[in-house]
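Architecture and fold: a report
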Amino acid sequence: MLLDHLINKFMEIKRLQEVPRFDHNLAEDILSLAKDEDITPENIDEFIDSNTEVRNAILYGNSIICQQPIIILLAYYLENYPYYLKEKWDIDYDVYNSVCTSLGYAPDR
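Let us look at the structure shown here. Since the structure is predicted, the reported quantities are computational estimates derived from the model, not experimental observations.

Quick look at the overall build of the protein chain
- For the protein chain, the helix and strand inventory stands at 7 helices and 0 strands.
- Going residue by residue from the N terminus, the α and β elements of the protein chain occur as α-α-α-α-α-α-α.
- Its C-alpha atoms give the protein chain a radius of gyration of 13 Å, within 12% of the compact-globule value 13 Å for 109 residues.
- For the protein chain, the residues scored as buried account for 47% of the 109 residues in total.
- Contacts in the protein chain between residues at least 24 apart in sequence constitute 72% of all its contacts with a sequence separation of at least 6.
- When the accessible surface of the protein chain is summed, it comes to about 6300 Å², and 45% of that surface belongs to carbon and sulfur atoms.

Here is the structure:
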């Protein structure tokens, strides 16, 4: 399951020994978007392993969204499908802007 993989990758990046508490509803909302694309755990691994900036944003980020394992999938979308994410995810612009800024992406790219 993709969520389990995201949680494990998040724990690896943050060097956590226990599964962190996170917003399951938010995770499910974002995961529902992944059904439209064929995103695999291997895609996530390749993306994270080749993107030091995102790893550092997750490791050192203080924003609430950076404390959620689903941030990895959001970063993947911002890198690979930025317009899809903005179009399909029913999100407040301020939250979207915060996600982009936390990960080092321009909100209007």
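Picking up where we left off.
Section: a negative patch on the surface
- There is a patch of like negative charges on the surface, built from D23, E28, D29 and D90.
- You can see D23 is positioned in the loop between α1 (2-14) and α2 (24-34).

Focus: the packing of aromatic side chains
- If you walk through the whole model with that rule in mind, you get 3 aromatic pairs.
- Taking the centre distance of 5.6 Å and the plane angle of 85 degrees together, the rings of F47 and Y76 count as edge-to-face. Of this pair, F47 sits in helix α3 (residues 41-49) while Y76 is found in helix α5 (residues 71-80), placing the two residues 29 residues apart along the sequence. Here the two residues F47 and Y76 agree in accessibility, since each one is buried.
- Measuring from ring centre to ring centre gives 5.7 Å for Y77 and Y81, while their planes differ by 55 degrees; the resulting arrangement is tilted.
- Among the aromatic residues, those joined into a cluster by ring pairs are F47, Y76, Y77 and Y81.

Notes on unusual backbone geometry
- The phi dihedral of R15 is positive, around 60 degrees, even though this residue is not glycine.
- Within the secondary structure, R15 sits in the loop between α1 and α2.
- For R15, a relative accessible area of 62% translates into the label exposed.

Each value, and the rule that gives it
- Residues numbered from 1 in each chain as written.
- Predicted model: local features only at pLDDT ≥ 70, side-chain atom pairs only at ≥ 80, totals over all residues.
- Heavy atoms only, no water.
- Helix = DSSP H or I, 4+ residues; strand = E, 2+ residues; numbered from the N terminus.
- Rg over C-alpha atoms; globule rule 2.2 N^0.38 Å.
- Buried < 20%, exposed > 50% of the residue type's maximum accessible area, 1.4 Å probe, protein only.
- Contact = heavy atoms within 4.5 Å.
- Areas by Shrake-Rupley, 256 points an atom, 1.4 Å probe, with all protein chains shown as cover.
- Patch = residues over 30% accessible without salt bridge, like charges linked within 9 Å, V, L, I, M, F, W, Y side chains within 5 Å.
- Salt bridge = Lys/Arg side-chain N within 4 Å of Asp/Glu carboxyl O.
- Lys, Arg positive; Asp, Glu negative; His and termini not counted.
- Charge placed at Lys NZ, Arg CZ, Asp CG, Glu CD.
- Phe/Tyr/Trp six-rings, centres within 6.5 Å; stacked < 30°, edge-to-face > 60°.

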